[in-house]
Amino acid sequence: QRAFVSHHAEQILGHPPARLAEPGFWRSLVDPDDLERVVAAWDGRTDAYDLEYRMRTADGRTAWLRERMHPDLDAEGRVRTWYGIAFDVTELKRLETEHLRSQRLDSLGRLASSVAHDFDNVLYSISIFADYLRAGLAPDDPLRGDAEQILVAVERGKGMTRQLLDFSRGRPHVPAPLDPVVVVRDLLPMLERSIGGGVRIQIGRAHV
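The structure presented is a predicted model; accordingly, all values stated were derived computationally and were not measured.

Novice: Sorry if this is basic, but what is going on with the overall build of the chain here?
Specialist: The number of helices and strands found in the chain is seven helices and three strands. The globule rule puts the C-alpha radius of gyration for 208 residues at 17 Å, and the 32 Å found for the chain is more than 25% above it. Taken over 208 residues, the chain has a buried fraction of 23%. Surface accessibility of the chain: about 14900 Å² in total, with carbon and sulfur atoms responsible for 57%. Side chains of the chain carry 28 positive and 32 negative charges; the gap between the two charge centres is 2 Å.

Following this line, the structure appears as C-alpha cells:
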C-alpha cells in the first residue's frame with residue numbers, strides 16, 4: 001500500500017493520486033513480466049533499493065519507471081514507512097534500445113560485407129573453371145549444358161553478394177520486376193536432375 005502518491009505520478013501514469021494510493025492498485029499496473037522481480041524488491045526488505053520496471057498507463061501505453069526508495073525504520077529495525085521518488089525513464093529506454101539496435105546492425109553490416117567479399121572470391125574461381133570447362137566441350141556435348149548451368153548459378157550468387165554489400169553499406173533496396181517463369185526456367189535443368197526420370201515438368205503462363 002502507498003500512503004501518499006504525488007501528482008507527478010499522475011502525469012506519468014494518467015491515474016489520479018488517490019487511485020494510485022489504493023491498496024493493490026499500483027501493483028496491478030506493473031507489467032506481468034516485471035511483477036515477480038518488483039514484488040521481490042518491495043516485500044520483506046528493510047534496505048533502500050533502486051529499481052526499474054514497466055507499468056501500464058491509463059491510456060494503455062507502457063511506461064518505464066525508475067523507483068528509488070528508502071525506509072524509515074523503528075527501534076526494532078522494522079519498516080514504518082517508505083519514502084522515495086519515481087522517474088519516468090521511458091524515453092531513455094527507447095534511446096538505449098535504438099542504440100543497441102544500431103550497434104547490432106553495424107556489426108551485422110560488417111559481417112555481411114566480409115561474407116560477401118569472401119563469397120565473391122569463391123564465385124570468381126568457380127566461374128573461371130566453368131568457363132574453361134565449357135570452352136573445351138563441343139557444342140553438342142551434354143556436359144556443356146552442365147557447365148552453362150554452373151555459370152547461371154554463379155551469376156545468381158553474384159546478385160546475392162551485391163545485395164549483401166548494399167545492406168552493409170546502408171543502401172536502400174530498390175524493388176525490381178521479377179518474371180517467375182524466367183526464374184523457374186533457369187532452375188529447370190537442376191530440378192530435372194533432382195527429381196529424376198519418370199517425371200515431366202512443363203512451364204507455361206496462366207491466362208486470367
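Novice: Before we go on, may I ask you to explain helix H4 (residues 32-42) in this structure?
Specialist: Residue pairs spaced three or four apart in an α-helix point in one direction, given the helix's 3.6 residues per turn. Looking only at H4, the buried set comprises Asp34, Val38, Ala41 and Trp42. An end-on view of H4 places all buried positions within 85° of arc, on one side of the element. Turned more than 90 degrees off the buried face of H4, the exposed positions are Pro32, Glu36 and Ala40. Each element contacted by the buried residues of H4 is listed here: helix H3 (25-29), strand S1 (49-56) and strand S2 (62-73).

Novice: Looking at this model, I keep getting lost on the sheet that holds S1. Mind explaining?
Specialist: Strand pairing in a sheet is mediated by backbone hydrogen bonds. Such pairs are either parallel or antiparallel. Taken together, three strands build an open sheet; the order of strands is S1-S2-S3 and the sheet is antiparallel. Single-partner strands in this sheet number two, and they are S1 and strand S3 (79-88). Each neighbouring strand pair of the sheet contributes to a mean axis angle of 35°, computed without reference to strand direction. Where H4 meets the sheet, its contacts fall on S1 and S2, and the angle it forms with S1 comes to roughly 145°. Of the strands in this sheet, S1, S2 and S3 touch helix H5 (residues 90-135), which is tilted by about 125° from S2.

Novice: For this particular structure, what's the right way to read the packing of aromatic side chains?
Specialist: Scanning all chains against the criterion turns up two aromatic pairs. Taking the centre distance of 6.4 Å and the plane angle of 85° together, the rings of Phe129 and Tyr132 count as edge-to-face. Residue Phe129 and its partner Tyr132 are both found in helix H5; the two are separated by three residues, about one turn of the helix. Tyr132 gets classed as exposed once you look at its relative accessible area, which sits at 59%. One Lys or Arg, Arg19, reaches over the ring of Phe25 and ends 3.8 Å from the middle of that ring.

Cut-offs applied
Residues numbered from 1 in each chain as written. Predicted model: local features only at pLDDT ≥ 70, side-chain atom pairs only at ≥ 80, totals over all residues. Heavy atoms only, no water. Helix = DSSP H or I, 4+ residues; strand = E, 2+ residues; numbered from the N terminus. Rg over C-alpha atoms; globule rule 2.2 N^0.38 Å. Buried < 20%, exposed > 50% of the residue type's maximum accessible area, 1.4 Å probe, protein only. Areas by Shrake-Rupley, 256 points an atom, 1.4 Å probe, with all protein chains shown as cover. Lys, Arg positive; Asp, Glu negative; His and termini not counted. Charge placed at Lys NZ, Arg CZ, Asp CG, Glu CD. Arc of directions from axis to C-beta. Contact = heavy atoms within 4.5 Å. Pairing = 2+ DSSP bridges. Axes fitted to C-alpha atoms, helices over the stretch in contact; angles between N-to-C directions. Phe/Tyr/Trp six-rings, centres within 6.5 Å; stacked < 30°, edge-to-face > 60°. Lys NZ or Arg CZ within 6 Å of the ring centre and 35° of its normal.

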